[in-house]
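Listed below, chain by chain, are the residues.
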Amino acid sequence: MNEEVTRSDIFDAMHTLKLTGMIEAYDEIISDALKRKAPASYSLHELLKSEIKVRKIRAIKARMKAAKFPENKDLNDFIFKDTPINSEQVMNLYTGEFVRMARNIILVGGTGTGKSHLAIAIASKAARDGFKVRFFNL
């Protein structure tokens, strides 16, 4: 059985399986594999890695949208200087270990002290790490 498989046949199958990451990377990966004279397993592995990457990015975007953050904030934007906020403690929370241990945190302070900024930054990191998060302003 020497049936010629065309690029169109491959793309049709990828569309059917909703493999958008593979579709986006296909031409570049196949071209690279041909230049390297790499085995088919190389191409397949690279295509699978592309699909995984696209799905991870899509999942992060979905979690960030579901979180309903009022704005995007990260710790890079936060200025710890001249505040009573313990930057070491915040960095510890930023790792997300408290989530893995099923612990809660509550940020308390006056208006304009950075509670929302820190909450959004910590929750955004958790969302990027694969956790579902939701922002509520009380």
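Refer to the structure above for everything that follows.
Residues numbered from 1 in each chain as written. Predicted model: local features only at pLDDT ≥ 70, side-chain atom pairs only at ≥ 80, totals over all residues. Heavy atoms only, no water.

Draft legend 1. Seen up close, the overall build of the protein chain. Assigned secondary structure in the protein chain consists of six helices and zero strands. Along the chain direction, N to C, the helices and strands of the protein chain fall in the order α-α-α-α-α-α. Against the compact-globule benchmark of 14 Å for 138 residues, the protein chain has a radius of gyration of 22 Å, which places it well outside the compact range. The principal-axis extent of the C-alpha atoms belonging to the protein chain is close to 75 × 30 × 25 Å. Burial status across the protein chain gives 28% buried among its 138 residues. Contacts in the protein chain between residues at least 24 apart in sequence constitute 62% of all its contacts with a sequence separation of at least 6. (Helix = DSSP H or I, 4+ residues; strand = E, 2+ residues; numbered from the N terminus. Rg over C-alpha atoms; globule rule 2.2 N^0.38 Å. Buried < 20%, exposed > 50% of the residue type's maximum accessible area, 1.4 Å probe, protein only. Contact = heavy atoms within 4.5 Å.)

Draft legend 2. Up close: a negative patch on the surface. Side chains of Glu3, Glu4, Asp9 and Asp12 sit close together on the surface and give a patch of like negative charge. Structurally, the position occupied by Asp12 is in helix H1 (residues 7–16). By relative accessible area, which is 46% here, Asp12 ends up partly exposed. (Patch = residues over 30% accessible without salt bridge, like charges linked within 9 Å, V, L, I, M, F, W, Y side chains within 5 Å. Areas by Shrake-Rupley, 256 points an atom, 1.4 Å probe, with all protein chains shown as cover. Salt bridge = Lys/Arg side-chain N within 4 Å of Asp/Glu carboxyl O. Lys, Arg positive; Asp, Glu negative; His and termini not counted. Charge placed at Lys NZ, Arg CZ, Asp CG, Glu CD.)

Draft legend 3. Representation of the packing of aromatic side chains. Under the defined criterion, the tally for this structure stands at three aromatic pairs. Ring geometry for Phe11 versus Tyr26: centroids 5.2 Å apart, planes at 90 degrees, classification edge-to-face. Of the two residues, Phe11 sits in helix H1 while Tyr26 sits in helix H2 (residues 20–36), which places them 15 residues apart along the sequence. Take Phe11 and Tyr26: they sit in the same class, and that class is buried. Measuring from ring centre to ring centre gives 4.9 Å for Phe78 and Phe80, while their planes differ by 65 degrees; the resulting arrangement is edge-to-face. (Phe/Tyr/Trp six-rings, centres within 6.5 Å; stacked < 30°, edge-to-face > 60°.)

Draft legend 4. Spatial organisation of the environment of Ala25. As for its placement among the helices and strands, Ala25 is situated in helix H2. Along the sequence, Ala25 and Met101 sit 76 residues apart, while their C-alpha atoms lie 38 Å from each other. Beyond its immediate stretch of four places on either side in the chain, Ala25 contacts Leu47 and Ser50.

Draft legend 5. Inspection of the environment of Val54 at higher detail. As for its position among the elements, Val54 is in helix H3 (residues 40–67). Given the relative accessible area of 17%, Val54 is considered buried. Separated by 57 residues in the primary sequence, Val54 and Thr111 place their C-alpha atoms 39 Å from one another. Apart from the residues lying within four places of it in its own chain, the contact partners of Val54 are Thr20, Gly21 and Glu24.

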